[in-house]
Amino acid sequence: QVQLVESGGGLVQPGGSLRLSCAASGSISRIYIAGWYRQAPGKQRELVAHIAPAHIAPGTNTNYADSVKGRFTISRDNTNNTVYLQMNSLKPEDTAVYYCKAYELGVEYWGQGTQVTVSS
């Protein structure tokens, strides 16, 4: 059973930064953390950032929602099976619960979510 633990959310003022972490328990060789999604109240869950498996070369292995391009950066630490989301220049419209998604042998897993609130 894969467990995903997200952390790093919180309350931040507009223009501020947060760094989210998603750590996966289990076999590093079998678990692929695919990316981050978010869900705001009354809205559908949407993709924020995706990162390709570790064997894909950096520079071609990420993509982002248009709304976060240039502000958010997704990265992976392969040694501890953790994916990060660095969020800069945060806006009130970034307020949502952020979830990470992973796969193990084709089975999809979600974390419990971490709340990000951008407000003055």
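Cut-offs and rules
- Starting afresh in each chain, residues are numbered from 1 along the sequence in its written order.
- Residues qualify for local features only when their pLDDT is at least 70, as the model is predicted, and side-chain atom pairs are given and counted only at 80 or more; totals for whole chains, interfaces and linings, by contrast, use all residues.
- With hydrogens and water excluded, all non-hydrogen atoms of the structure serve as input to the side-chain values.
- Here, a disulfide means two cysteine sulfur atoms that sit within 2.5 Å of each other.
- Helix and strand labels come from DSSP, where a helix needs a run of H or I of at least four residues and a strand needs a run of E of at least two; each type is numbered from the N terminus.
- Three labels apply to residues, based on accessible area from a 1.4 Å probe with only protein chains included: buried if under 20% of the type maximum, exposed if over 50%, partly exposed otherwise in between.
- Between any two strands, pairing holds if DSSP finds at least two bridges.
- Identification of polar contacts relies on pairs of N or O atoms within 3.5 Å, with a donor-acceptor requirement for protein atoms, meaning one able to donate a hydrogen and the other able to accept it, and with residues adjacent in sequence counted only if both atoms are side-chain atoms.
- Salt bridge criterion: a side-chain nitrogen from Lys or Arg within 4 Å of a carboxyl oxygen from Asp or Glu.

Colleague: Break down the state of the cysteines for me, with residues and values.
Modeller: Counted under the stated rule, the structure contains one disulfide. Disulfide pairing places Cys22 opposite Cys100 at an S-S distance of 2.0 Å. Across the S-S bond linking Cys22 and Cys100, the dihedral sits near 65°, which makes this disulfide right-handed. Of this pair, Cys22 sits in strand β3 (residues 18-25) while Cys100 sits in strand β9 (residues 96-104), and the two are 78 residues apart along the sequence. According to the relative accessible area criterion, Cys100 is buried, its value standing at 0%.

Colleague: Could you give an account of the pairing of strand β4 (residues 31-39), with specific residues and numbers?
Modeller: β4 sits mainly inside the fold: eight of its nine residues count as buried. Bridging between β4 and β9 involves eight bridges; their strand directions are antiparallel. What sits directly across from Tyr37, in β9, is Tyr99. The pairing of β4 with strand β5 (residues 46-51) spans four bridges and is classified as antiparallel. Bridged to Gly35 within β5 is His50. Hairpin geometry of β4 and β5 is characterised by an intervening segment of six residues between the two adjacent antiparallel strands and by a positive phi of about 75° at Gly42.

Colleague: Tell me about unusual backbone geometry, and please be specific about residues and values.
Modeller: One non-glycine residue, Asn81, adopts positive backbone phi at about 50°. Inspection of the secondary structure puts Asn81 in the loop between β7 (72-77) and β8 (82-87).

Colleague: Account for the side chain of Thr82, naming residues and giving values.
Modeller: Along the polypeptide, Thr82 turns up in strand β8. For Thr82, the side chain forms a polar contact with the side chain of Asn80, separated by 3.1 Å.

Colleague: Can you break down the pattern of salt bridges residue by residue, with the values?
Modeller: Opposite charge on two side chains permits them to pair, given that their charged atoms come into close proximity. For the structure on display, the rule yields six salt bridges. Taking the shortest distance from any N to any O, the salt bridge between Asp66 and Lys69 comes out at 3.1 Å. Judged by relative accessible area, Asp66 falls into the exposed class, the value being 64%. Of the charged contacts, one joins Glu108 and Lys101 as a salt bridge, the two residues approaching to 3.8 Å between their closest N and O atoms. Via salt bridges that share partners, Arg38, Glu46, Arg71 and Asp94 belong to a single interconnected network.

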